[in-house]
Amino acid sequence: MDQYIIHGGSTLRGEVEISGAKNAAVAIIPAALLVQGVCRIENIPQISDTDTLLTILTQLGARVSYLNKSTIEIDCTDARYQDAPYDLMRKIRASYYLIGSMLGRFGSAKTTMPGGCNFGVRPIDQHIKGMRALGADVNVKNGFVYADARDGRLHGARIYLDKVSVGATMNIMIAAVLAEGRTIIENAAREPHIVDLANFLNSMGADVRGAGTDTIKINGVEELHGGTYTIIPDQIEAGTYMVAAAATGGEVLIRNIIPKHMEGISAKLRETGTFIEEYEEALLVRGPDTLRRINLKTMPYPGFPTDMQPQFGVLLCLANGTSVITEGIYDNRFKYVNELRKMGAEIQVDGRVAVIDGGRRLTGAPVHACDLRAGAAMVIAGMVASGVTEIDDIHFIERGYERFVQKLNALGADIQVRYDESEFVSPGAFSVS
Ligand code: EPU
């Protein structure tokens with residue numbers, strides 16, 4: 001199994017460039033299936049989740065080419081309905097967007113139940129509710145989702161989401177843009193990547209209004225045309241480097257970001273005593289001599305993001321005093337705590353609440369990356385710990401962070417990748433070096 005070997009004790013200094021937003025890209029790539037023509041998409045992050053989705057699209061007949069390392073062209077003009085590769089779909093959460101895009105394009109979809117990080121039960125009932133409201137018969141059988149538009153084409157509908165769901169909001173938007181008539185999504189999620197998906201679809205000829213509020217209105221159009229679109233910067237990647245700078249007591253300029261998207265994260269970091277200076281497209285982050293304890297609760301945007309919870313968990317191990325983290329989105333997002341305990345952390349977990357007894361000196365240990373963000377958190381822990389930390393299951397981290405090790409090492413970290421020679425890892429089908 002591949003591993004990161006981290007020699008701790010570094011202080012991060014310098015500048016880091018943030019890549020395109022993973023959770024926008026993983027919706028926009030499947031949405032390109034709706035477009036008759038060439039979509040040029042800029043600021044695509046080079047991570048394994050986007051590679052997997054591009055491979056799935058090519059197997060549906062799309063032509064995909066990289067113009068440079070972050071710009072691709074996707075032409076789905078000749079795409080045809082067929083079974084998508086199940087082994088690939090099972091690997092990632094975002095394969096659920098193929099339900100919306102295949103239904104919108106072909107009137108039928110067959111996908112696996114989605115994979116992705118394991119935070120307890122992650123149902124897709126709100127996606128299914130939305131597709132049914134749009135006129136699809138949807139059945140889940142033997143791990144597959146079968147969806148068929150009853151009239152061959154979807155029809156607009158008014159859909160109230162029982163739960164604020166990023167995935168269901170985006171999936172229904174994707175399905176509805178080519179539906180006949182008007183769709184209204186109420187109690188919609190408001191994350192920046194929802195606005196980004198709407199902007200992408202509109203730039204290809206769709207009519208989506210209200211993204212970023214809790215009511216989204218979609219007037220169906222007959223077809224979408226090609227165009228050029230630039231994906232927003234990744235809020236969570238940026239937040240991860242902010243925490244890494246604060247935790248190591250360093251000073252890092254985080255470039256290519258939208259400061260507005262960072263407000264929740266910046267606010268909580270400032271409470272810990274971290275200095276943050278805002279520029280037009282950058283933030284300067286400087287760690288304090290002594291971190292202060294805080295309480296935080298994860299919530300849908302604009303609340304504090306659950307995808308930053310494990311990284312803050314590490315930071316608060318270093319802060320003076322007792323901090324409380326309440327996880328407001330998932331039932332089981334504290335698995336990383338067991339790994340942190342191996343490094344000397346004192347954390348009690350009761351259901352969705354973690355109580356962190358801070359002011360600890362972490363020590364290096366062999367640990368797992370339990371999932372993508374937990375893995376990033378372990379990397380931060382390894383950088384602040386004394387001694388050597390070995391992290392395995394790093395494929396989770398590479399699902400969502402572009403050139404993580406290179407970027408951190410350029411800031412002064414000491415991380416090596418140890419490849420397991422017994423495993424042959426094929427380079428990403430679309431990677432360019
Ligand atoms: N939920 C339901 N039914 C549904 C959908 C969601 O009960 O039909 C529940 C979930 O179980 C969860 C809550 O609603 O408790 C919110 O889930 P949401 O649908 O918003 O999450 P998601 O679409 O599965 C996306 C991101 C996650 C991120 C969440 C929350 C992608 C591919 N994934 O997941 O990203 O944590 O939104 O912001 O966009 C990550 O990047 O590390 C990651 C896990």
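The shown structure was predicted, so the numbers you read here are calculated from the model rather than taken from an experiment.

Caption draft 1: Highlighting the site of the ligand. Neighbouring residues of the ligand: 25 residues in total, closest Tyr 96, Gln 126, Ser 165, Asp 307 and Ile 329. Take Asp 125: an N or O atom from its side chain is 2.7 Å from a nitrogen atom of the ligand. Between the ligand and the protein, one listed contact pairs an oxygen atom with a side-chain N or O atom of Tyr 330 at 2.9 Å. Contact with the protein chains covers 92% of the free accessible surface of the ligand, which is 830 Å². Split by residue class, the shell around the ligand holds 11 nonpolar, six polar and eight charged. When residues of the shell around the ligand are sorted by domain, at least three fall in each of domain 1 (3-19 + 233-425) and domain 2 (22-230).

Caption draft 2: Inspection of the environment of Gln 311 at higher detail. For Gln 311, the position within the fold is in helix α10 (residues 309-318). Residues Gln 311 and Ala 247, spaced 64 residues apart in sequence, show a C-alpha to C-alpha distance of 9.5 Å. Other than its neighbours up to four places away in sequence, Gln 311 contacts Ile 236, Thr 240, Val 243, Arg 373, Ala 377, Ile 380 and Tyr 401. Side-chain polar atoms of Gln 311 contact the backbone oxygen of Asp 307, separated by 3.0 Å.

Caption draft 3: Fine view of the sheet that holds strand β18 (residues 322-326). Spatial ordering of the open sheet is given by β17-β18-β20-β19, a layout of four strands whose pairing is mixed. Edge strands, defined here as strands with exactly one partner in the open sheet, are β17 (295-297) and β19 (346-350). The average angle at which neighbouring strand axes cross in this sheet is 15°, direction not considered. Sheet analysis places β19 next to strand β20 (residues 353-357), joined by five bridges and oriented antiparallel. Considered in β20, the bridge of Asp 350 is made with Val 353. Here α10 sits on the sheet in contact with β17, β18, β19 and β20, set at roughly 170° to β18.

Caption draft 4: Representation of the nonpolar core within the structure. The biggest cluster of nonpolar side chains holds 82 residues, and the ones touching the most others in it are Ile 74, Leu 197, Phe 200, Leu 201 and Leu 224. Excluding its chain neighbours within four sequence positions, the residues that come into contact with Ile 74 are Ile 29, Ala 32, Gly 37, Val 38, Cys 39, Ile 41, Leu 54, Leu 57, Ala 62, Arg 63 and Val 64. With 69 residues, the next largest nonpolar core counts Val 16, Leu 283, Ala 345 and Ala 354 among its residues.

Caption draft 5: Spotlight on α10. Among the 10 residues of α10, 10 are classified as buried, and the element is accordingly described as predominantly covered. Among the residues making up α10, those that are buried are Gln 309, Pro 310, Gln 311, Phe 312, Gly 313, Val 314, Leu 315, Leu 316, Cys 317 and Leu 318.

Caption draft 6: Molecular detail of the sheet that holds strand β11 (residues 207-209). Strand order across the open sheet formed by four strands is β9-β10-β12-β11, with mixed pairing between neighbours. Only two strands of the sheet have a single partner each, and these edge strands are β9 (158-160) and β11. For this sheet, the mean inter-axis angle between neighbouring strands, taken without regard to orientation, is 15°. Judged from the five bridges that link them, strand β10 (residues 182-186) and strand β12 (residues 215-219) form a sheet pairing that is antiparallel. When the sheet's bridge partners are listed, Thr 183 is paired in β12 with Ile 218.

Caption draft 7: Fine view of the domain arrangement of the protein. When cut into domains, the protein gives domain 1 (3-19 + 233-425) and domain 2 (22-230). Taking the mean C-alpha position of each, domain 1 and domain 2 sit 30 Å from one another. Counting the surface lost from both domain 1 and domain 2, the interface buries some 1,900 Å², and carbon and sulfur atoms represent 50% of this. The interface formed by domain 1 and domain 2 includes one salt bridge. A salt bridge links Asp 49 to Arg 399; the nearest nitrogen and oxygen atoms lie 2.9 Å apart. Counting across the domain 1 and domain 2 interface gives six residue pairs in polar contact (both at pLDDT 80 or more).

Caption draft 8: View of the confidence of the model for the protein. Of all residues in the protein, 96% have pLDDT values of 70 or greater, and the mean over the chain is 94. Considering only residues more than four positions removed or in separate chains, one finds that residues 424-428, a stretch of pLDDT under 50, has two contacts.

Analysis parameters
- Residues numbered from 1 in each chain as written.
- Predicted model: local features only at pLDDT ≥ 70, side-chain atom pairs only at ≥ 80, totals over all residues.
- Heavy atoms only, no water.
- Near = heavy atom within 4 Å.
- Polar contact = N/O pair within 3.5 Å; in protein donor to acceptor, adjacent residues only side chain to side chain.
- Areas by Shrake-Rupley, 256 points an atom, 1.4 Å probe, with all protein chains shown as cover.
- Nonpolar A, V, L, I, M, F, W, Y, C, P; charged D, E, K, R; others polar.
- Domains from an automatic or database assignment.
- Helix = DSSP H or I, 4+ residues; strand = E, 2+ residues; numbered from the N terminus.
- Contact = heavy atoms within 4.5 Å.
- Pairing = 2+ DSSP bridges.
- Axes fitted to C-alpha atoms, helices over the stretch in contact; angles between N-to-C directions.
- Core = buried A, V, L, I, M, F, W, Y, C linked by side-chain atoms within 4.5 Å.
- Buried < 20%, exposed > 50% of the residue type's maximum accessible area, 1.4 Å probe, protein only.
- Buried area = accessible area lost by both parts, 1.4 Å probe.
- Salt bridge = Lys/Arg side-chain N within 4 Å of Asp/Glu carboxyl O.
- pLDDT = per-residue confidence, 0-100.

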